[in-house]
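Observations on chain architecture
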Amino acid sequence: MKKLWLQSLIISVFVFILLWGVSKLTDLKLLNAFDPISQAMADFELTDYAFSNLRPDPLVDERIVLVNFGELPRGAVAQLVQKIASYKPRVIGIDALYNCEGGLRDTLNCPQLLDTLGNMMLSFAFQDAGNIVLGEKLMQTDSLSQFDTNDSDSLEVPDELFRQHAKLGYVTLPTNATYQEDVKISRTVWPKKQVGKKTELAFSTQIAMQYDSAKTMEYLNRDIEEEIINFRGNIEVMQLRVHSLKSDETSTTNFATMFSVIDYEDVFAENHDPGLFKDKIVMIGFLGKYLGAPTWEDKFFTPLNKKIGGRANPDMFGLVVHANVVAMILNGDFVNELAEWQKYLIAFIVCFLTVALFITIDTKLPIWFDAFSVIIQILQLLVISGFMVWAFAQFNFKLDLSIALGVAALVGPAYDIYKSIENQIIDYRENNSSS
């Protein structure tokens, strides 16, 4: 028995060494050109299936209203804010950076400065509303950007003319995209960030804080650096109206509309219920040139995407991503996950017990070893994968057992290599002793 546990321990360590080597080889991306399937599935996670297929359709969140401002100039946005503010919403969040990009404040590089009247109107609209949350952007200076880090040491903020009348929250989302035009996959959010000596709140966190500070503090007190977004729903719009497309092939998501959404034209024309905005969270941002217009601008791939592998079209506007986070905060509907050490501990236990089982079968039923070992590995992969999806769908728990899946797949080859080396050593000793 002691020999069995010792062999199991040695082979388990060998399996983890192999896993480390495979991970390093994968990091080099040497085989990408020859593996289009892996590339297509690279951004897929098992929990995506639970997100997009195993959850019931969400109820519309009556607390949150999304407003599309299309490509309105600042003066028109000011009129839109004034109109919405007249209905007495609790908070108005605007997903926009009202500044001169790059800090070049001249009319050639920043033509928005020419619209003096529009800028003044927008500033006065923010001041009159008194409950505005504006976007800002996390940035890195050259000295920090050379390192592989998610830290930020600077901010791109709205002009003083606007930010003096508003709360600020950064709209930056973790996507691993280097450039704005890159494919952007949204799964997580940074609830807060330390920038210099000041703690900055995310756009969604700041909006939720203005609406329900107690719920938001519960969220922040989780003290998780990067929260998994518990996506519950999207918006689908056709022909300038909200439209559920769950069974429609043109839809990019498997879920019906979760948020009330309205175009700026309908706000100006008052084509809505008078109580639509009162005491609500109103989030204004870009949802297309008009509602339903085809565009990829400020749009992300999310786990709700219909095509979970080899995705074709992004399915969710940034404003809707932020709305999902706000809803998650207010509902206290968080996704929990294993600590890193727990992932390795579970993987080691799975590996150790599997090796012990292999050794037992090889000792007592050697003729059936090859068949049984393959069957065991297939069953392990199916059970572990199914358990991950079930845990997420039922308990909002991201049971990341990818390391356990990796070691389960490598136990067979590792055991064969170990047995081959062991047999070589035995043969060598027998040959030396006989001579």
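Notes on the structure follow.

Remarks on the overall build of the chain
Within the chain, the regular secondary structure consists of 14 helices and 17 strands. Sequence separation of at least 24 residues holds for 75% of the intrachain contacts in the chain that already meet a minimum separation of 6. Surface accessibility of the chain: about 22800 Å² in total, with carbon and sulfur atoms responsible for 58%.

Points about the environment of G288
Residue placement: G288 occurs in the loop between β13 (281-285) and β14 (299-300). Spatially, the C-alpha atoms of G288 and D298 are 9.0 Å apart, while their sequence positions differ by ten residues.

Quick look at the environment of G332
As for its placement among the helices and strands, G332 is situated in the loop between α11 (318-331) and β16 (336-337). The exposure class assigned to G332 is partly exposed, which follows from its relative accessible area of 34%. The spacing of G332 and E218 is 114 residues in sequence and 8.0 Å in space, taken between C-alpha atoms.

Topic: the packing of aromatic side chains
By the definition in use, this model includes 17 aromatic pairs. Ring geometry for F16 versus F348: centroids 6.0 Å apart, planes at 35 degrees, classification tilted. Taken together, the residues span a long stretch of sequence, with F16 in helix α1 (residues 2-28) and F348 in helix α12 (residues 340-364) at a distance of 332 residues. With centroids separated by 6.2 Å and ring planes inclined at 80 degrees, the aromatic side chains of F286 and F317 adopt a geometry described as edge-to-face. Within this pair, whereas F286 is found in the loop between β13 and β14, its partner F317 is found in strand β15 (residues 316-317), the two being separated by 31 residues in sequence. Residue classification places F317 among the buried residues on the basis of a relative accessible area of 8%. Pairwise contacts between aromatic rings join W5, F16, F348 and F352 into one cluster. The side chain of R90 reaches across the aromatic face of Y211, ending 4.4 Å from its centre. In this structure, K299 packs its charged tip against the face of F317, placed 4.7 Å from the ring centre.

The rules behind the values
- Residues numbered from 1 in each chain as written.
- Predicted model: local features only at pLDDT ≥ 70, side-chain atom pairs only at ≥ 80, totals over all residues.
- Heavy atoms only, no water.
- Helix = DSSP H or I, 4+ residues; strand = E, 2+ residues; numbered from the N terminus.
- Contact = heavy atoms within 4.5 Å.
- Areas by Shrake-Rupley, 256 points an atom, 1.4 Å probe, with all protein chains shown as cover.
- Buried < 20%, exposed > 50% of the residue type's maximum accessible area, 1.4 Å probe, protein only.
- Phe/Tyr/Trp six-rings, centres within 6.5 Å; stacked < 30°, edge-to-face > 60°.
- Lys NZ or Arg CZ within 6 Å of the ring centre and 35° of its normal.

Limitation: the analysis is restricted to geometry and does not speak to function.
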